[in-house]
Amino acid sequence: MSTIQVNIVSAETELFSGEVSLLVAPGAQGELGIKPKHAPLLTNLKPGEVRIKRDGQEDENIFVSGGYLEVQPNVVTILADTAVRAHDIDEAAAIEAKQRAEEALANRKSDMDVAHAQAELAIAAAQLELLRKLRR
Amino acid sequence: MAGSKEIKAKIGSVKNTQKITKAMEMVAASKMRKAQERMLASRPYAEKMRQVIGHLSEANPEYQHPYVLPREDVKKVGIIVVSTDRGLCGGLNVNLFKQVLKTMKEWQDKGVEVELTTIGKKASAFFRRFGNIASHVEGLGDTPHLNDILGAVSGALKAYDKGDIDRLFIVQNEFVNTMTQKPKQLQLLPADASLGEGDLETEHSWDYIYEPSAEELLDGILKRYVESQVYQAVVDNVACEMSARMIAMKAATDNAGDLIRSLNLQYNKARQAAITQELSEIVGGAAAV
């Protein structure tokens, strides 16, 4: 089976680099599945899970808080804002962040606060969603 | 020959200086390790970003973003100079400024104006004389944050948007290894295919599928690209600063050691001369009796 080179980097570190048979990423317009020989594509990502499927190996799950995805015939690059491996997600921190964001939304002051809080809420909610999914 | 007392005092003062340079060397060495780790951690992002933008400029997009369109008629160029806040780091800043001056001269010879954005106290102090600093940041510390540099970067981007500047360069120190740092100049805008290192084999014209729209997407990613490159330059520069300071302070400590040795020799000679003189006076005195 054919594979494609995938590189996942965040502003802090390089998270993944290797040959992959299927990559699933949370595109801003819906989830995307990238297989080898995909047409060139450029899109932004929303907070969510990047799933990496490899032959004969366990799936790898990486959480990204947003960023960009570039597909080239021979290489796929994810430029994530921040990213963590799924099992490194700090659940307590995510729950706390979610509560904080919800509170900020409840007593909203300005549009700026709302946009910021909504972004935080989306990230925290996506993290918790991923954790729930992995537990099942 | 100077009196032995003066030489003794001089030795004491050189020893004190040596203590200070030794302490600075050790502080720089410990900071250097952390700075290098930070530099290496954020490097992949900046490199991959450069690659993606390189690919982008090779594509034939439906929407031509101003940041990838080459501008033929260059009236004014912007240069971002990344320097340190503090001195005592050898020739690090001076070498960098020489490179900047060379570039400035090249453009000015062609009748093109140059506008500077300076990061770090040393650059602003040096280039103030030339009177063309558009914006400036300093006091980023040992752990620079992206937010701190955004103001200066967006200033340069706005000038580019408005057409005030037609090219944007960044000049920074490149960290080769602990012993070697060299000035590096990179063209940020307009982004060109040289960034991608030519890793694409394309004979036919192609374009991306954009989701959502090309305009929105390119706007975001190109801004992010400039920010990431400047941020990486700043992080690199901290690692360079610490290594350069460590090497400079080590050399200073060694030199102080040499100086102390030669002063000691002088001191012993002076002491011996004094004893010899005293002896000959006693002998002379005894003979006279």
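*Asks:* Describe the layout of surface pockets, with residues and values.
*Replies:* A volume near 400 Å³ is recorded for the largest pocket. Counting residues per element, the ones that place at least two in the lining of the largest pocket are α1 (4-58), α4 (146-162) and α5 (214-288) of chain B. Sorting elements by how many residues they give to the lining of the largest pocket places α5 of chain B first, with five residues. Here the residues of the lining of the largest pocket sort into six nonpolar, six polar and four charged. In this model, the second largest pocket occupies a volume close to 280 Å³. If you go around the second largest pocket, you meet 10 residues; those closest to its centre are Asp-81, His-116, Ala-119, Glu-120 and Ile-123 of chain A. Split by domain, the residues of the lining of the second largest pocket number at least three in each of domain 1 (4-86) and domain 2 (89-135) of chain A.

*Asks:* Explain the interface of chain B and chain A residue by residue, including any values.
*Replies:* With 23 residues of chain B at the interface, the matching set in chain A holds 25 residues. When the two sides are added together, the surface that chain B and chain A hide from each other amounts to roughly 2,100 Å², 65% of it contributed by carbon and sulfur. It is Tyr-45, Lys-48 and Glu-211 of chain B that lose the most area in chain B upon contact with chain A, and together they represent 28% of the buried surface on that side. Connecting chain B to chain A are one salt bridge. The shortest N-O distance in the salt bridge between Asp-81 of chain A and Arg-224 of chain B comes to 2.6 Å.

*Asks:* Can you explain unusual backbone geometry? Please cite residues and give values.
*Replies:* Each neighbour pair has its own omega, and for Leu-189 of chain B with Pro-190 of chain B the value is -10°, a cis peptide bond. Within the element layout of this structure, Pro-190 of chain B appears in the loop between β5 (181-189) and β6 (209-211). One non-glycine residue with positive phi stands out, namely Lys-37 of chain A, at about 70°. With respect to the element layout, Lys-37 of chain A can be found in the loop between β4 (30-34) and β5 (41-45). Backbone geometry places Leu-88 of chain B, a non-glycine residue, at a positive phi of 55°. Mapped onto the fold, Leu-88 of chain B is located in the loop between β1 (76-82) and α2 (92-109). On the accessibility criterion, Leu-88 of chain B (55% relative accessible area) is exposed.

Reading guide: rules and limits
- Residues numbered from 1 in each chain as written.
- Chains lettered and ligands numbered in written order.
- Predicted model: local features only at pLDDT ≥ 70, side-chain atom pairs only at ≥ 80, totals over all residues.
- Heavy atoms only, no water.
- 1 Å grid on protein atoms, 1.4 Å probe; cavity = no way out; pocket = protein on both sides within 12 Å on 5 of 7 lines; lining within 4 Å.
- Points joined across faces, edges and corners; volume = space filled by probe spheres on them.
- Helix = DSSP H or I, 4+ residues; strand = E, 2+ residues; numbered from the N terminus.
- Nonpolar A, V, L, I, M, F, W, Y, C, P; charged D, E, K, R; others polar.
- Domains from an automatic or database assignment.
- Contact = heavy atoms within 4.5 Å.
- Buried area = accessible area lost by both parts, 1.4 Å probe.
- Salt bridge = Lys/Arg side-chain N within 4 Å of Asp/Glu carboxyl O.
- Buried < 20%, exposed > 50% of the residue type's maximum accessible area, 1.4 Å probe, protein only.

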